[in-house]
Amino acid sequence: MNEENVKDFSTEGGEALLFSIDDTVYGIEIKYINEIISIEDITVVPKVPDYIKGVINLRGKIVPIISVRRRFGKEEIPYDERTCIIVLEFDDGNFVGIIVDRVREVTIVKPEEICLPPDCKKVNANKYIKNIIESDGEIKQLLNCEKLISDI
Amino acid sequence: MAKFEAGMENMVDMYIFETTSLLEQLDQILMKTENESSFGSEDINEIFRTMHTIKGSSSMMGLENMSHLAHAVEDMFFIIREDNPEITDKKTLFDLVFTASDLLKTEIELLQEDEYTPTDFSGHMSKIEAYAKALKDGEGAAPAAVQTKTASAEAAAPAGKTIKVISNSGDSMTTVKIYFEDDCKMENLRALLVVNNIKSECAALTYEPADIEDNPDSAKAIIDNGFVIHFRPAADATQDAVIDIIGNSLNVKSYEVTDAADSGTKEVPLASLSEAKVTFVEDCKMENLRALMVVNNIRESCELLAFSPEDIENDPATAQAIIDNGFTVYFKAAEDQAIVDMIKATPNVKDAVLVRKGGEAPVADKKAPEKAAEAAAPAPKAEEKPAAAKAAEPKDAKKAAPAVSGGAKQSLISVNLNKLDQLLDIVGEIVITEAMVTSSPDLKVKGLKLDNFQKAARQLRKLNSELQETVMSIRMVPLSGAFNKMTRIVRDMKVKLNKDVDLVFEGEETEVDKSIIDNLNDPLMHMVRNSMDHGIEDTSEERIAKGKPAKGKITLSAYNSSGEVIICVTDDGQGINPEKVLDKAEKNGMLTKPRSEYTDKEIFNMIMLPGFSTNEEVTEYSGRGVGMDVVKKNIEKTGGTVSVDSKWGEGTQFTIKIPLSLSIVDGMEISVGQSIFTIPIGVIKESFKIKPNQLLKDTNGSEMVMIRGECYPLIRLYDVFDLKPSSTDINDGIIILVEVESEGKSACLLADELIGEQQVVVKPFSPMLNNFNVKENGMAGCSILGDGSITIILDIGNIISDF
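Residues numbered from 1 in each chain as written. Chains lettered and ligands numbered in written order. Predicted model: local features only at pLDDT ≥ 70, side-chain atom pairs only at ≥ 80, totals over all residues. Heavy atoms only, no water.

Asker: So what's going on with the interface of chain A and chain B? Which residues, and what values?
Answerer: In this complex, chain A contributes 21 residues to the contact, which on the side of chain B involves 19 residues. For the pair chain A and chain B, the two sides together bury roughly 1800 Å², of which 76% comes from carbon and sulfur. Considering only the side of chain A, the residues that lose the most area to chain B are Pro46(A), Lys47(A) and Ile62(A), jointly responsible for 35% of the buried surface there. Linking chain A to chain B there are 0 salt bridges. The element best represented in the side of chain A that touches chain B is strand β4 (residues 52-58) of chain A, accounting for 4 residues. By residue class, the composition of the side of chain A that touches chain B is 15 nonpolar, 5 polar and 1 charged. (Contact = heavy atoms within 4.5 Å. Buried area = accessible area lost by both parts, 1.4 Å probe. Salt bridge = Lys/Arg side-chain N within 4 Å of Asp/Glu carboxyl O. Helix = DSSP H or I, 4+ residues; strand = E, 2+ residues; numbered from the N terminus. Nonpolar A, V, L, I, M, F, W, Y, C, P; charged D, E, K, R; others polar.)

Written as structure tokens, this is what we have:
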């Protein structure tokens, strides 16, 4: 992570990768994105929660794979040719892959398009949503990647 | 490391490495001497040398604060070495040095952080200086060579350095010419820095060029002609102290003392001094240092003393000059001949001839061998001195060694750990690639003749495993280093907690992978602290009442067992009270089943859960409730496990089990349903198909297998891992008998099929997965197979212990 990326997305905006699950559009800050790969054979790791699908071999690296659908409590759907694994890289050098229905595009988010989710108990209780983005007449939810993988 | 210029990183690394190991050595010496509660002269010299080196390298790195602190300690030991005072208050002395060593260590750690600001050590330094002064005053009349430092003279240099001329009288000014490092830029400002450094030590000070502050062009003049300083030292400083500051200033490449006072021409005409020519035994090496010994020997017996070449202490090149032209000593003494005799008594001196007596015409020189023969008895004063001079020699010899004995063979090198890691990674890749080549599907074509290929492949495999072993052995480090650090902790806590404890090592020569050792230090420290703080009884009376020896005992032991290293921290203290642990766990809401169902082992292992601490009070050393779970985390990071065993009233034992090496294991691949697992070959005793009469069930329905008169539990792997097996019929599967030596447990595993033996490179699970206790669930790590698929390596010990 170089220094330019350290600036706060919530206030300054930046690039985000958009993907969708069912009809909901989610975004991830571009600094987390390592690469996007098509779905491949996943080695099952026993005795872990069901949203952890297992591990894959990404050019010699062992990367655990999370199903975002299961993580958000949705039913699995069969994988098709649009199903992707987005490989995220974190500041501490760890890689985690997330399975999403389809990847849409990389978009530039302007600061004025960003707002914070409401701060109350029931809504967004697990704090997975970091920001709400409204642009092009569409609402997108920016995910908090650290929370997504650590808050278990 | 923002403090250092680019390009210095290598030096900083080196500096940190060297200084850290020096400080560790220092700690060891201190421990030893403290135990013996007396300083041998070797120890004093060793400490002196260590501090001297740290001082030198710190000031080279521009770390003035560290340099000064090391210097203060060095000074103190100089006094101890030279004056040999009666040390009455040893405890304070040890504390002072230990604290100094700690301060330096912390500073080095700080140094590795990005935001580094030098710590001010002056508080501790003045303590040391006060102690040194007390030492010296206790000694009474001290040689002129030793100057006590006051706190104000912080930057002062070692007073013990050779006094080049003790004819430093009255108004004469000393002249020093300084050259700065090439390309250091802004020489005029560097010069100004030097001037500022020495200002406080000088009674009078002029320099040329004089306009360094305002005129940038003076930099050019300094480059061309050097920077010349004329000074007269202040009353409380010596000329040498000032020169030393100059020498230690940043970016100073070299300096020469072209000194009016030095040669004594103004005050003491050269002619008034006696002149002796000294020659050394041929091939004695390092003539300059031998000469220094001569000077040290006679220094105190001479009223005035000068010598040529002058810079013998710092410039190894003078050795050659001495060989070529001899070493000349100018002196004024009551008995010229006594001095010459003293010179002759110095080791390695071949001959010394009085060339000329002070104020007289030269005596017939170089024709006095008979005189040498006459000079039998060495001067009485010289008797003690050579020992000190000799001891001082290695220190200087070390400094001069690169120049003098450049041809010497070195059989040890230090290597950056990153490079070793890289090497290991590459070896890992090679192992995988080899498997890819030899199991390539292209070879499966029918009718291929592969005899030559197979032969070559076998050879390749053999070489690869040799390569692997070699790389592993490079990375192996004995545990003694990690153990020795504990001595220090125990020592400090002994004093703080006022408990008398022996620390005993067993098997400290056991070797483990370097990366594991690095992760072991913290856990070991926590465990030892725990044993000291909570384990050992508060008073020896308490111990005696229990029928134990008054002195507590903590044992650190290590040994190898079937591919694992077992490390135990054992104390003979009060042990863990299971009831207390349960109470506490209940209070914290950590119990998951009724109290009565907990086994002792489960209870003891609870103390390693996050947020658990049996001690109500938070002490400096332990009891914050973070200690033991951190231990567990750190050990698991290395792929190891930790367990606690204790007997209330008798003691506690922590057992750490770590894999010998993190990386490559021989494994047997087995399949269970769709999954492929790897079992380390080391634990497999045999594998077989079962006969119906071998299987039996107990009253609960748990299965057992009889083999040759012994009965083992049967573990169905698909049950353990909640997998769908291809068949649940025990006759379809294969039984693998495994034995975990360290736990003395055996069991039979049921798998679907044996696939084959393969070497696998262990890759740890991602930290995210570690959150789910994969390790406790029997998975040690994963590995990539030749075809790119992933296999999970089983931790048989954990699987069995759950049964």
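Asker: An account of the pattern of salt bridges is needed here, citing residue identities and associated values.
Answerer: Residues and elements named next belong to chain B. Overall, the coordinates contain 33 salt bridges over all chains when judged by the stated rule. Residue Arg491 pairs with Asp95 through a salt bridge whose shortest N-O separation is 3.0 Å. With Arg491 in helix α17 (residues 480-497) and Asp95 in helix α4 (residues 90-111), the pair connects residues that are 396 residues apart, well separated along the chain. Given the relative accessible area of 26%, Asp95 is considered partly exposed. Where Lys105 meets Asp102, a salt bridge forms, and the shortest distance between an N and an O atom there is 4.0 Å. One end of the pair, Lys105, and the other, Asp102, are both in helix α4, 3 residues apart, so they sit about a helical turn from each other. Taking relative accessible area as the criterion, Asp102 reaches 29% and is therefore assigned partly exposed. One connected set of salt bridges, linked through shared partners, spans Asp27, Asp95, Asp102, Lys105, Arg488, Arg491 and Asp492. (Buried < 20%, exposed > 50% of the residue type's maximum accessible area, 1.4 Å probe, protein only.)

Asker: Break down helix α2 (residues 41-60) of chain B for me, citing the residues and quoting the values.
Answerer: For an α-helix, 3.6 residues make a turn, and residues three or four places apart therefore share a direction. The first and last C-alpha atoms of α2(B) sit 28 Å apart over 20 residues, in line with the 28 Å expected at 1.5 Å per residue. A large share of α2(B) lies buried, amounting to 14 of its 20 residues. (Expected span 1.5 Å × (residues − 1).)

Asker: Which residues make up the environment of Met436(B), and what values do they have?
Answerer: All names here are of chain B. Along the chain, the position of Met436 falls in helix α15 (residues 417-438). Using a relative accessible area of 43% as the deciding quantity, one classes Met436 as partly exposed. Taking the C-alpha atoms as reference points, Met436 and Gly786, separated by 350 residues in sequence, lie 4.2 Å from one another.

Asker: An account of the pairing of strand β16 (residues 664-672) of chain B is requested, with residue identities and associated values reported.
Answerer: Residue and element names in this part refer to chain B. Most of β16 is tucked away: 7 of the 9 residues are buried. One ladder, built from 8 bridges, connects β16 with strand β24 (residues 753-761); its direction is antiparallel. Within β24, the residue paired with Val665 across the bridge is Val760. Here 6 bridges tie β16 to strand β17 (residues 675-680), and the two strands are oriented antiparallel to one another. What sits directly across from Ile670, in β17, is Phe677. (Pairing = 2+ DSSP bridges.)

Asker: Please give an account of the side chain of Thr791(B) that cites residues and values.
Answerer: All names here are of chain B. Positionally, Thr791 belongs in strand β26 (residues 790-794). From its side chain, Thr791 meets the backbone oxygen of Ile676 in a polar contact 3.3 Å long. Within the structure, Thr791 has its side chain in polar contact with the side chain of Thr678 (distance 2.7 Å). (Polar contact = N/O pair within 3.5 Å; in protein donor to acceptor, adjacent residues only side chain to side chain.)

Asker: An account of the sheet that holds strand β10 (residues 129-135) of chain A is needed here, citing residue identities and associated values.
Answerer: All names here are of chain A. Taken in spatial order, the 6 strands make up an open sheet running β8-β1-β2-β11-β10-β9, and their pairing is mixed. Each end of this open sheet is capped by a strand with a single partner; those strands are β8 (102-109) and β9 (114-115). Pairing between strand β1 (residues 14-21) and strand β2 (residues 24-29): 6 bridges, direction antiparallel. Opposite Ile21, over in β2, you have Thr24 as the bridge partner.

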